[in-house]
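Letter by letter, the chains look like this.
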Amino acid sequence: MRILLVEDEPKVASFIKKGLEEQSYEVDQAYDGNFGLKMALQNEYDLIILDIILPHMNGLEVCQAVRKKKTQIPILMLTALGDTDDKITGLDSGADDYLTKPFEFKELLARLRALTRRSGDNGGGEKLSIADLEMDLGSKTVTRGGKPINLTAREFALLHYLLRNRGRVVSRIDITENVWETSFDTGSNVIDVYINFLRKKIDKGFPGKLIHTLVGMGYVLKEDDA
């Protein structure tokens, strides 16, 4: 598995690179945003680890530029900024997950495994649908009313889970355990943020809302009259 690491702090970069190589990952490294973006677009990677604070071009800008060309590659954002708003800004730029520095290496590995496992599952070409929304697990594509919808790897995984459980209410804990395969602080609103991302892409501008919120209970994917 080939990973691109974009991190300007030599000690942190060396720590991550060495640890990943010991786990049999192949790691390419960039120390600034411009070079990291160039490598991301010119090469094929299974995952990108991207720091936010970088020389020349910050991680948010790199992430946005990568997303314009490669919508499905998983991106894990590293940040020393721990505020929820900072994390949401990173997710809003197109990142699939974030990890706040300092972190334990086993936590990094767990996040990587979850992201790559989700992106690598092709579903044997299975198709899932509700109303005029369709997901093709083989080609990793989503359409609504025949119109292509571009999703990040994390958004795709979240929609996949909702489609698998269409018509059933799923709680934030259900989503955390099955889509992120990890846990968040109880005060985190990351799940709500991603639900809003999905709503903007699959509901906005289309007749009939599919994602519904049940206050105090969770979310359900269903047709308006279902």
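Quick caveat, the model's predicted, so the values are computed rather than measured.

### Digging into the UniProt feature "modified residue: 4-aspartylphosphate" (unreviewed entry) in the protein
Point 1. Following the UniProt record, the feature "modified residue: 4-aspartylphosphate" (unreviewed entry) maps to Asp 51 here.
Point 2. Topologically, Asp 51 is positioned in strand β3 (residues 47–51).
Point 3. Looking at Asp 51, the relative accessible area reads 3%, which means it is buried.
Point 4. Once residues lying within four places of it in the same chain are set aside, the contact partners of Asp 51 are Val 6, Glu 7, Asp 8, Gly 59, Met 77, Leu 78, Thr 79 and Lys 101.

### Concerning the nonpolar core
Nonpolar side chains in soluble globular proteins tend to end up buried together.
Point 1. Residues Leu 50, Leu 133, Leu 159 and Ile 175 are the most contacted members of the largest nonpolar core, which totals 56 residues.
Point 2. Looking at which element gives the most residues to this core, the answer is helix α8 (residues 190–202), with eight residues.
Point 3. In terms of domain composition, this core takes at least three residues from each of domain 1 (2–120) and domain 2 (127–221).
Point 4. Beyond its immediate chain neighbours, meaning those up to four positions away, Leu 159 contacts Leu 133, Met 135, Val 142, Leu 151, Leu 198 and Ile 202.
Point 5. The next biggest cluster of nonpolar side chains, apart from the first, holds 19 residues, and it includes Leu 5, Ala 13, Ile 16 and Leu 108.

### Description of the packing of helix α6 (residues 153–164) against α8
Point 1. Two elements in contact, α6 and α8, have axes separated by 10 Å at closest approach and are oriented at 85°. In terms of their interaxial angle, α6 and α8 are classed as roughly perpendicular. Packed against α6, whose contacting residues are Arg 154, Glu 155, Leu 158, Leu 159 and Leu 162, the element α8 presents Tyr 194, Ile 195, Phe 197, Leu 198, Lys 201 and Ile 202 at the interface.
Point 2. Of the residues in the contact of α6 with α8, the class split is eight nonpolar, no polar and three charged.

About the cut-offs
- Residues numbered from 1 in each chain as written.
- Predicted model: local features only at pLDDT ≥ 70, side-chain atom pairs only at ≥ 80, totals over all residues.
- Heavy atoms only, no water.
- UniProt positions renumbered as here; feature names shortened; annotations may be inferred.
- Helix = DSSP H or I, 4+ residues; strand = E, 2+ residues; numbered from the N terminus.
- Buried < 20%, exposed > 50% of the residue type's maximum accessible area, 1.4 Å probe, protein only.
- Contact = heavy atoms within 4.5 Å.
- Core = buried A, V, L, I, M, F, W, Y, C linked by side-chain atoms within 4.5 Å.
- Domains from an automatic or database assignment.
- Axes fitted to C-alpha atoms, helices over the stretch in contact; angles between N-to-C directions.
- Parallel < 35°, antiparallel > 145°, perpendicular 65-115°, else oblique.
- Nonpolar A, V, L, I, M, F, W, Y, C, P; charged D, E, K, R; others polar.

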